Amino acid sequence: QGQVVESGGGLVQPGGSLRLSCATSGIIFARNIMRWYRQAPGKQRELVASITPGDSSTYSDSVKGRFTISQDKTKSTVYLRMNALKPEDTAIYYCNADGTPFSQPTYWGQGTQVTVFS
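In this text, all values refer to a predicted model and were calculated from it rather than measured experimentally.

Criteria and thresholds
Residues numbered from 1 in each chain as written. Predicted model: local features only at pLDDT ≥ 70, side-chain atom pairs only at ≥ 80, totals over all residues. Heavy atoms only, no water. Salt bridge = Lys/Arg side-chain N within 4 Å of Asp/Glu carboxyl O. Helix = DSSP H or I, 4+ residues; strand = E, 2+ residues; numbered from the N terminus. Buried < 20%, exposed > 50% of the residue type's maximum accessible area, 1.4 Å probe, protein only. Pairing = 2+ DSSP bridges. Axes fitted to C-alpha atoms, helices over the stretch in contact; angles between N-to-C directions. Contact = heavy atoms within 4.5 Å. Phe/Tyr/Trp six-rings, centres within 6.5 Å; stacked < 30°, edge-to-face > 60°. Lys NZ or Arg CZ within 6 Å of the ring centre and 35° of its normal. Core = buried A, V, L, I, M, F, W, Y, C linked by side-chain atoms within 4.5 Å.

Within this structure, the stated rule accounts for five salt bridges. In this structure, Arg-38 and Asp-89 form a salt bridge, with 2.9 Å as the shortest nitrogen-oxygen distance. Separated by 51 residues along the polypeptide, Arg-38 in strand 4 (residues 33-39) and Asp-89 in the loop between strand 8 (77-82) and strand 9 (91-98) bring together distant segments of the chain. Relative accessible area serves as the criterion here: at 7%, Arg-38 is assigned to the buried category. Classification of Asp-89 by relative accessible area gives buried; the value is 1%. A salt bridge links Arg-66 to Asp-89, with the nearest nitrogen and oxygen atoms 2.8 Å apart.

Written out as structure tokens, the structure reads:
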């Protein structure tokens, strides 16, 4: 029913920047906490950033000060601006629409690959 589709991943040198997009449809966007996760091969999935319907945002310590999460409610789209990228940022980045605090379904995107080479 609901759809979550990431885009914007790619190959970038250390210190570079990238902006990821997460377009949603078929969901009540204002009743979801939007989250970005990432997972590197052989490692656990890590929560990177979250933003609430009231635009309150949180970040993991590893990306705080470098990444910025934002959303466009008219387009039902969430973004992740990534600056000063490091090789350890290399991972598949997933978008998650968490509706459980509002008794709504939860949806995951297919992921987009971000590779930072040195």
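Spatial ordering of the open sheet is given by 1-3-8-7, a layout of four strands whose pairing is antiparallel. What marks the edges here is a single partner per strand, and that holds for strand 1 (3-7) and strand 7 (67-72). Taking each pair of neighbouring strands and ignoring which way they run, the sheet shows an average axis angle of 15°. Pairing between strand 1 and strand 3 (residues 18-25): five bridges, direction antiparallel. Paired with Val-5 across the bridge in strand 3 is Ala-23.

Next up on the list: the environment of Val-114. Position of Val-114 among the secondary structure elements: in strand 11 (residues 112-116). Given a relative accessible area of 0%, Val-114 falls into the buried group. Once the C-alpha coordinates of Val-114 and Leu-20 are considered, the two residues, 94 residues apart in sequence, prove to be 9.4 Å apart. Every residue in contact with Val-114, bar those within four places of it in the chain, is listed here: Gly-9, Gly-10, Leu-18, Leu-20, Met-82, Asp-89, Thr-90, Ala-91 and Tyr-93.

Below, the discussion takes up the packing of aromatic side chains. Here the structure, examined in full by the defined rule, presents one aromatic pair. Above the ring of Tyr-37, the side-chain terminus of Arg-45 is found at 5.2 Å from the ring centroid.

Burial along strand 11 is one-sided: the face carrying Thr-112, Val-114 and Val-116 is buried and the face carrying Gln-113 and Thr-115 is not. With three bridges connecting them, strand 2 (residues 10-12) and strand 11 associate as parallel partners. Among the inter-strand pairings, Val-12 is bridged to a residue of strand 11, identified as Val-116. Across three bridges, the pairing between strand 9 and strand 11 is antiparallel. Paired with Ala-91 across the bridge in strand 11 is Val-114.

Our focus in this paragraph is the nonpolar core. In terms of nonpolar packing, the biggest core is built from 27 residues, with Trp-36, Leu-80, Met-82 and Tyr-93 touching the most fellow members. Elements with a minimum of two residues in this core: strand 3, strand 4, strand 5 (46-51), strand 7, strand 8, strand 9 and strand 11. Considering every element that reaches this core, the biggest residue donor is strand 9, with four residues. Sequence-distant contacts of Met-82, that is, excluding residues within four places in its chain, are made with Gly-16, Ser-17, Leu-18, Leu-20, Arg-66, Phe-67, Tyr-93 and Val-114.

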